[in-house]
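Structural overview
Next come the chains, spelled out residue by residue.
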Amino acid sequence: MNKLFDVMLWLAGAGQFCVLLASVQVPYRMGWKEDLAKLRPVNRKLMWTYGFFIVMTIIAFGTLTLVLHDEMLRGGRTAIGLATFLGVFWLARVVLDFTVHTHADWPRGIRFVIAHVLLTTLFVVLATTYLSLVVWHVCN
Amino acid sequence: MKTVIPYLVVAGAIQWLIASANLVIPRKLRYAENLERLTPIVRQVFVVHAIYIVGVLLFFGAMSMVFATDLAGGSALGRCVSAFLAAFWLARVGVQLFYYDAATKRANRIAHAAFTAMFAYLGVVFAVAALGGAR
């Protein structure tokens, strides 16, 4: 089991940087520039700020998972707390994907269907990795 | 290391306060009528980002209070989290001062000053914690 989580944590760390590869394309592919021009300046800037801080948070998640891989695998109190939060963070993203961000609202085209499936799969893998790590540590 | 622990607990409370401010801000900045103008997917991204920021702040707050000793240098992971939180909040000071709409800040001077002070406090406290908690 230790070996399995060893590999899964490396993949989860890298997976979060893959999410970022998708994130950087979102403003361009979803036409943020034209859309956000319709907002008052304060709300437009708020949207960019939210986006910036979400990206920064995901960079930190990926970095912490890769750099502190051994600590997370050992499972101290802070590591379990952090893994719980990361698991809930990505699980909530999966739930939102099936409730708020349904595919009906995505731009049309096969590329977006593939992108949506890949992203959702990645969110499921991330949530599963962190939550199962927590369960494993708690049970041991 | 111990010196900074009470300040980290206060930092946790401040982060919950900032998260709770997000209950008022949507009405104050008229999110609903503004977001009506967007395409559904961009509107949803905005809402999801807003929800996530609140969730992240609630977690940061809880972590600062429950794991204050670790964040103050009790473990490598704790110090790394503190370093990230310091960068997060110091960047937020920069955004508040140099990016946000000047007219809105002028119209809400007290709120602007209070938020800037809270962000600065958080940035400094987590930076001190990341450096080992001012042993």
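First things first, this report covers the structure right here in the doc. (Residues numbered from 1 in each chain as written. Chains lettered and ligands numbered in written order. Predicted model: local features only at pLDDT ≥ 70, side-chain atom pairs only at ≥ 80, totals over all residues.)

**As for the overall build of chain A**
Test applied: Each helix is a run of DSSP H or I of at least 4 residues and each strand a run of E of at least 2, with the numbering of both proceeding from the N terminus. Exposure in this text rests on C-beta crowding, where 20 or more other C-beta atoms within 10 Å of a residue's own make it buried, 12 or fewer make it exposed, and counts in between make it partly exposed. The C-beta atoms are placed from the backbone. Contacts are defined on C-beta atoms placed from the backbone: any two residues whose C-beta positions lie within 7 Å are in contact.
Along chain A, the regular secondary structure elements total seven helices and zero strands. Counting helices and strands in the order they occur from the N terminus, chain A gives α-α-α-α-α-α-α. Its C-alpha atoms give chain A principal-axis dimensions of about 55 × 35 × 20 Å. Burial analysis of chain A (140 residues in total) assigns 26% to the buried set. Considering only contacts within chain A whose residues lie at least 6 apart along the sequence, 86% involve residues at least 24 apart.

**A few points about the environment of Val-117 of chain A**
All names here are of chain A. Relative to the helices and strands, Val-117 resides in helix α7 (residues 110–139). Given 11 C-beta atoms within 10 Å, Val-117 falls into the exposed group. When the C-alpha atoms of Val-117 and His-103 are compared, they prove to be 9.6 Å apart, with 14 residues separating the residues in sequence.

**Side note on the interface of chain B and chain A**
Think of interface size as the accessible area that goes away when the parts come together; that is how it is often given. How we decide: Ten residues, namely Ala, Val, Leu, Ile, Met, Phe, Trp, Tyr, Cys and Pro, are considered nonpolar, four, namely Asp, Glu, Lys and Arg, are considered charged, and the remaining ones, Gly among them, are considered polar.
Contacts between the two partners involve 39 residues from chain B and, on the opposite side, 36 residues from chain A. In terms of residue count, helix α4 (residues 40–66) of chain B provides more of the side of chain B that touches chain A than any other element does, 17 residues in total. Classifying every residue of the side of chain B that touches chain A gives 28 nonpolar, eight polar and three charged.

**Focus on unusual backbone geometry**
Phi at Arg-30 of chain B is positive, roughly 50°, even though this residue is not glycine. Tracing the sequence through the fold places Arg-30 of chain B in the loop between α2 (25–28) and α3 (31–35).

**Details of the packing of helix α1 (residues 2–23) of chain A against α7 of chain A**
Residue and element names in this part refer to chain A. Test applied: Each axis is a line fitted through C-alpha atoms, taken for helices only over the stretch in contact, and angles between the N-to-C directions span 0 to 180 degrees. Handedness of a crossing follows from how the near helix is turned relative to the far one, being left-handed for an anticlockwise turn of less than a right angle and right-handed for a clockwise one.
Two elements in contact, α1 and α7, have axes separated by 10 Å at closest approach and are oriented at 145°. Of the two possible hands of crossing, α1 and α7 adopt the one that is left-handed. Within the contact between the two elements, α1 uses Phe-5, Met-8, Leu-9, Ala-12, Gly-15, Gln-16, Cys-18, Val-19 and Ala-22 and α7 uses Ala-115, Leu-119, Leu-122, Val-125, Leu-126, Thr-129, Tyr-130, Leu-133 and Trp-136. Taken together, the residues that form the contact of α1 with α7 break down as 15 nonpolar, three polar and no charged.

**Regarding the nonpolar core**
Soluble, globular proteins show a tendency: their nonpolar side chains are buried together. Quick note on the threshold: By convention in this section, buried Ala, Val, Leu, Ile, Met, Phe, Trp, Tyr and Cys residues joined through C-beta atoms within 7 Å make up a nonpolar core.
In this structure, Tyr-130 of chain A together with Leu-8 and Phe-126 of chain B are the most contacted members of the largest nonpolar core, which totals 49 residues. By residue number, the principal contributor to this core is helix α6 (residues 76–98) of chain B, which donates eight residues. Aside from chain neighbours lying at most four places away, what touches Phe-126 of chain B is Ala-11, Ser-82, Leu-85, Ala-86 and Trp-89 of chain B. By size, the runner-up hydrophobic cluster in this structure holds eight residues, among which are Trp-32 and Leu-46 of chain A together with Leu-38 and Phe-46 of chain B.

**Looking at helix α8 (residues 109–130) of chain B**
Residue and element names in this part refer to chain B. What counts here: A helix is expected to span 1.5 Å multiplied by its residue count minus one.
Between its first and last C-alpha atoms α8 spans 31 Å; for 22 residues at 1.5 Å apiece the expected length is 32 Å, and the two agree. Residues of α8 that are buried: Met-118, Phe-119, Leu-122, Gly-123, Val-125, Phe-126, Ala-129 and Ala-130. Looking at the buried positions of α8, the neighbouring elements they touch are α1 (5–21), α5 (68–74) and α6. At the exit of α8 stands Gly-132, carrying a positive phi of roughly 115°.

**Regarding α1 of chain A**
Residues and elements named next belong to chain A. How we decide: Within this analysis, the arc is defined by the directions that extend from the helix axis to the C-beta atoms.
With 22 residues, α1 extends 31 Å from end C-alpha to end C-alpha; this agrees with the ideal 32 Å at 1.5 Å per step. Along α1, the positions that sit buried rather than exposed are Leu-9, Ala-12, Gly-13, Gly-15 and Gln-16. When α1 is viewed along its axis, its buried side chains cluster within an angular range of 160° and face the same direction. Set apart from the buried face of α1 by more than 90 degrees, the exposed residues are Lys-3, Leu-4, Val-7, Ala-14 and Leu-21. Against α4 (41–67), α5 (69–74) and α7 lie the buried residues of α1.

**Re the packing of α4 of chain A against α6 of chain B**
As a reminder of what qualifies: The scheme is simple: roughly parallel for angles under 35 degrees, roughly antiparallel for over 145, roughly perpendicular for 65 to 115, oblique for anything else.
Between α4 of chain A and α6 of chain B, the least distance of the axes is 11 Å, while the angle of their chain directions is 165°. As summarised for this structure, α4 of chain A and α6 of chain B are arranged roughly antiparallel, according to the angle between their axes. At the point where α4 of chain A passes α6 of chain B, the crossing takes the right-handed sense. For the pair α4 of chain A and α6 of chain B, the contacting residues are Thr-49, Met-56, Ala-60, Leu-64 and Val-67 of chain A in the first and Cys-80, Val-81, Phe-84, Phe-88, Ala-91 and Val-95 of chain B in the second. For the contact of α4 of chain A with α6 of chain B, a count of residues per class yields ten nonpolar, one polar and no charged.

**Side note on the environment of Asn-140 of chain A**
Following the sequence through the fold, Asn-140 of chain A ends up in the segment after α7. Separated by 65 residues in the primary sequence, Asn-140 of chain A and Gly-75 of chain A place their C-alpha atoms 9.9 Å from one another.

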